[in-house]
Structure formats: structure tokens, C-alpha cells
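The residues making up each chain are set out below.
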Amino acid sequence: MSERPNWTSKYAFIVTTIGSAVGLGNIWRFPYIMGQNGGAIFLAVYIILISTICFIPLINELYIGKLTKRECIGAYESINRNFKFLGVLNPITGILIAAFYFIVGGWIINYILKSILNFNINDYGEYFSNFIQQPVYPCILTILFLFICIFVTAKGVKNGIEATNKILMPLLAAILIFLVIISINLPNANIGLEYMFKPDFSKLNSHMVLAALGQAFFTLSIGMGALLTYGSYIKEDKSLVKSVYTIILSDTAFAILAGIMIFPAVFSFNMEPNSGAGLVFVTLPKIFSQIPYGNIVSLAFFILLLCAAITSGISIVEGPCASMVERFKISRAKACTILFIVISVLAIPATLSFGYLSDFKILGKTIFEFLDFLTSNLMLPLNTLFLCIISGWYLKIKGINIIKNKFFALLFDAGLRFVVPIALICLMLIGLN
Ligand code: PFF
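On a predicted model such as this, the values are computed, not experimentally measured, just so you know.

A. View of the environment of F102. Position of F102 among the secondary structure elements: in helix α6 (residues 84-117). Assessed through its relative accessible area of 0%, F102 is described here as buried. It is 5.8 Å that separates the C-alpha atoms of F102 and T142, two residues lying 40 residues apart in sequence. With residues up to four places along the chain from it excluded, the contact list for F102 reads T142, F145, L146, C149, G313, I316 and V317.

Next comes the structure, spelled out in C-alpha cells:
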């Protein structure tokens, strides 16, 4: 078996970790959750939480990877043999996330093809629901998206993951800025900007605060070992603090820009900002069909979404891949082939759960909804909780070893031991209701 890989530079580590963080969570999920939770006030709460509470588990996960220099299972095992099963939960979470996240990747490919072929659609809502209910076509697209992510991962950390992120992330930023400029120049764009930046305090409530916290954890990719694995490839012994703030700042900037791209357009065309998951697949295509050069704008938008989904998708696959390579002593190609089969077997029924298998329910949820619920509401917070408890209470990691400033180090200690675990337990309790 070949040697453990390392990042070729600090830039490579940061851009790849930003690539993991910036994904469908920023461009698809963030705007619609913000739309359902009152706009500007949600944004304010989200910014406070992401720059304070989320900083702690994010740096903790990277730090444990950097410290142990092992993939997830090995990292937990090296801390205490009995913690091994907690480590196993991480790649399992990754595989389960892949099974629903990659379906949306397939939908994006369909919208790219649709933008290129530029065929007419009368009712976008009907088009979207007919498309996702089809038995074969969405499955093929899901597998195609999975194949792209697996292929990049199989090429290795340097030639696959790093190289792809170095190309796609600047492209993503450029397309996003291009679309933001178009959107803020639409008539009445200011109404959308007001919706984003003028808070209505009457909309503040505990449910919304937890929605913001859940979104922040998801978007930072905390809790499934992707960051732990990425952290284990850091070779230099530099402080993580600056990198982590760069990651949080960039991720937040991408989410806010995605909002600035979407809401002015939505208000400009008198549409509803709270249409949920369909915001990107129904409302936006409707808008694209009404603006000059709409198919080009639509193509740019869905390419943007695809780039974001690929860089996150790769990180979802890398955690389980690294675990298989290091534990079973097999090649990356073999590990990726096995993952391709396993994720396909799970993703196909999940894809069919919009049509053929829509009556098959687990705890009253379709397979897609159940996988989203199980991972986002339960497994991601649970894995993060375990790692915070292990670091704070078992390893007794001291903030001062990570953060040089004494005051912030003390805040970190309190956060790691008390605030974050309590916040995570609340998140899970609310999520289970
Ligand atoms: N952070 C990604 C997004 O915002 O789309 C989703 C994600 C990637 C979640 C990797 C978890 C993960 F480990």
C-alpha cells in the first residue's frame, strides 16, 4: 500500500476544505431555509452561530485528524480501543448522506442538459415533479453524478481531490459573482436585498435558532469524518485558527452571495421566497425563462450548483474511502469501486422514493426524507457530540494548545465541554420531534 497522502500546500488544504463546506447546503438549502425562516433575522442569527459555536467543533474535528494522522476509525481507536465503534459511525454517516445528496446532484445534471437543449416548459412545478417521479432517468443521473465524485476521489488526494478543487472553486466564485451582478440589476432588486438585510425581530423564535444551527453544522461538513480525514493530511505544524476562520468566512460569503443572487430575482418577479426545496428547481427556472439570455444564465447557474455539489460530494466519499484503504489495505481504486456499488444500492431506492417507491415509508417518511432526517438531525450532531466529549472530557484538550489568545482559549474550553454539547443535544431533541 502507498504512503499516507499529504496536502501539497496550505492553500491546497484550505481550498479543498472550503470546497467541502461550500455545496448544495449553501446554494440550494441555505436560501430556502432562510426563505422559510423570515429572511434577514435568520441571517443575523446564522452569522452569530457560525462564527462562535460552530468554530469549536470545526477546529476540534480538524485538530483530532491532525493529531492522530489517521482516518476516522483509526483516529478514534488510537485514542482508546473502545472508541472504535464510534469511529465506524463516521464513514457510515458519509455513505448514508451520499445516498440522498447525490440524487440532487443528478437533478442538477438534468437541468444543465435542459438549459443546453433549451426546450419549452409551460408549468415548471409540474415539470419538476414529473421528472423526479420517473423510474429510470433520475436513477441514471444519480449514478452519473456518483461516478464523477468517485472517479475524482479514486485519482487520489493530490491529483484528484486537490486538483479538482483548485479548478472548480475559483470557477464557482466567478460564476456566482457574475450571477449576483445580473440579479441585483433586475427591476425592484432592492426589495430582495431588504428582505435579506433588514431584520424583522418579530420572526425570532427558538425553532428558527435551531434551524440556523443545524444549517451551520451541515454547511461546514461537521460530523461525518470528512474534516477529520482532511485534517489528517495536514503535514506542517501551523496553527489551525486562521485556516478555520478563512473556511468559515468563505463558506458564509458563498451562502450570502447565493442569497443575493436568488432573492432579488425572486422578488423582482413577484414570486414567493418560502417555496422550500423547489426554490432552485421550480422558482428559479421560471425566472430564467422570463429574462433575456435566460438559457445562458440558467446554464451558468446549474454549472455553479454542479461545481459546488462535486467538491462537497468528493469530501463525502473521501472519508469512507480513506477508512477502507487504511483498514483493509486495499488500493483507492478498489475502495472506490466498492463504494460506488454500495452507494448505488442505497441511492437507487432513495431516488425511486419520489415515484415508484413513494408509498414505502420508514417512520412515516419516504426513503429520501428518512436518510436526510437520520443523518442531518441525528447522526451528524451525534458524531459531533461524541468527538467533543472525547476531546473535552477524555483527552482533556486545552484551548491554549490550539488558540494562542488566553481569553479565547478559555472560551474554547467552556464551549467544547459545555456549550456545544448542550446545543447539540437541543438540536437532536428538536430534530426528533
Ligand atoms: N457541506 C456540504 C454542503 O453544504 O452542501 C454538505 C456536506 C458535505 C455535509 C460533507 C457533510 C459532509 F461531510
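B. Region of the structure containing the nonpolar core. Membership of the largest hydrophobic core comes to 161 residues, with the highest contact counts inside it found for M261, F281, F301 and F302. By residue number, the principal contributor to this core is helix α15 (residues 294-328), which donates 18 residues. With sequence-adjacent residues up to four places away left out, F281 is seen in contact with W28, V104, W107, I108, Y111, F128, F302 and L305.

C. Representation of the environment of G125. Checked against the element boundaries, G125 lands in helix α7 (residues 124-133). On the basis of relative accessible area, G125 is assigned to the partly exposed category, the value being 29%. Sequence separation between G125 and G319 is 194 residues; the distance between their C-alpha atoms is 36 Å.

D. Highlighting unusual backbone geometry. Positive phi values are uncommon outside glycine, yet K69 reaches one of about 55°. Mapped onto the elements, K69 comes out in the loop between α4 (55-68) and α5 (72-79). Unlike most non-glycine residues, N270 shows phi in positive territory, near 55°. Within the element layout of this structure, N270 appears in the loop between α13 (241-268) and α14 (278-288).

E. Representation of the pattern of salt bridges in the model. Taken as a whole, this structure holds nine salt bridges when the rule is applied. In this structure, the salt-bridge partner of R327 is E77, at a minimum N-O distance of 3.0 Å. Taken together, the residues R327 in helix α15 and E77 in helix α5 connect sequence positions 250 residues apart. Of the residues examined, R327 reaches a relative accessible area of 27% and is grouped as partly exposed.

F. View of a nonpolar patch on the surface. Residues I389, W393, F418, V419 and I422 make up a contiguous nonpolar surface patch of about 480 Å² in total accessible area. Looking at the nonpolar patch, the elements with two or more residues in it are α17 (367-394) and α18 (406-432). By residue number, the principal contributor to the nonpolar patch is α18, which donates three residues. On the secondary structure map, V419 appears in helix α18.

G. Representation of α7. If you check which residues of α7 are buried, you get Y124, Y127, F128, F131 and I132. Burial along α7 is one-sided: seen end-on, the buried residues are contained in an arc of 115°. Contacts made by the buried residues of α7 are with α6, α8 (137-154), α14 and α16 (332-352).

H. View of the site of the ligand. The full set close to the ligand counts 15 residues, and A21, G25, Y101, S221 and M224 are the nearest of them. F218 places a polar main-chain atom, nitrogen or oxygen, 3.1 Å from a nitrogen atom of the ligand. Here T219 contributes a backbone N or O atom positioned 3.0 Å from a nitrogen atom of the ligand. Listed by contribution, the elements that provide at least two residues to the shell around the ligand are α1 (10-21), α2 (24-36), α11 (206-219) and α15.

I. Spatial organisation of the packing of aromatic side chains. Per the stated rule, a full pass over the model turns up 36 aromatic pairs. Summarising the aromatic geometry, the rings of F55 and Y245 are spaced 4.8 Å apart at their centres and angled 20° between planes, so their arrangement reads as stacked. One end of the pair, F55, is in helix α4; the other, Y245, is in helix α13, with 190 residues separating them in the sequence. On the accessibility criterion, Y245 (34% relative accessible area) is partly exposed. In this arrangement the basic side chain of R29 is found over the ring face of F218, its NZ or CZ atom lying 4.7 Å from the centre.

J. Main features of the side chain of K114. You can see K114 is positioned in helix α6. In this structure, K114 is buried with no salt-bridge partner, the nearest side chain bearing the opposite charge being D123 at 12 Å.

K. Summary view of the side chain of E77. E77 gets classed as buried once you look at its relative accessible area, which sits at 14%. Excluding residues that lie within four positions of it along the chain, E77 makes contacts with R70, K84 and R327.

L. The arrangement of α16 in detail. The terminal C-alpha atoms of α16 lie 30 Å apart, and with 21 residues this matches the ideal 30 Å at 1.5 Å per residue to within 8%. Within α16, burial applies to R332, A335, C336, L339, I343, S344, A347, A350, T351 and L352. Structurally, α16 contributes buried residues whose contacts are with α6, α7, α8, α9 (157-184), α15 and α17.

Rules behind the numbers
Residues numbered from 1 in each chain as written. Predicted model: local features only at pLDDT ≥ 70, side-chain atom pairs only at ≥ 80, totals over all residues. Heavy atoms only, no water. Helix = DSSP H or I, 4+ residues; strand = E, 2+ residues; numbered from the N terminus. Buried < 20%, exposed > 50% of the residue type's maximum accessible area, 1.4 Å probe, protein only. Contact = heavy atoms within 4.5 Å. Core = buried A, V, L, I, M, F, W, Y, C linked by side-chain atoms within 4.5 Å. Salt bridge = Lys/Arg side-chain N within 4 Å of Asp/Glu carboxyl O. Patch = residues over 30% accessible without salt bridge, like charges linked within 9 Å, V, L, I, M, F, W, Y side chains within 5 Å. Areas by Shrake-Rupley, 256 points an atom, 1.4 Å probe, with all protein chains shown as cover. Arc of directions from axis to C-beta. Near = heavy atom within 4 Å. Polar contact = N/O pair within 3.5 Å; in protein donor to acceptor, adjacent residues only side chain to side chain. Phe/Tyr/Trp six-rings, centres within 6.5 Å; stacked < 30°, edge-to-face > 60°. Lys NZ or Arg CZ within 6 Å of the ring centre and 35° of its normal. Lys, Arg positive; Asp, Glu negative; His and termini not counted. Expected span 1.5 Å × (residues − 1).

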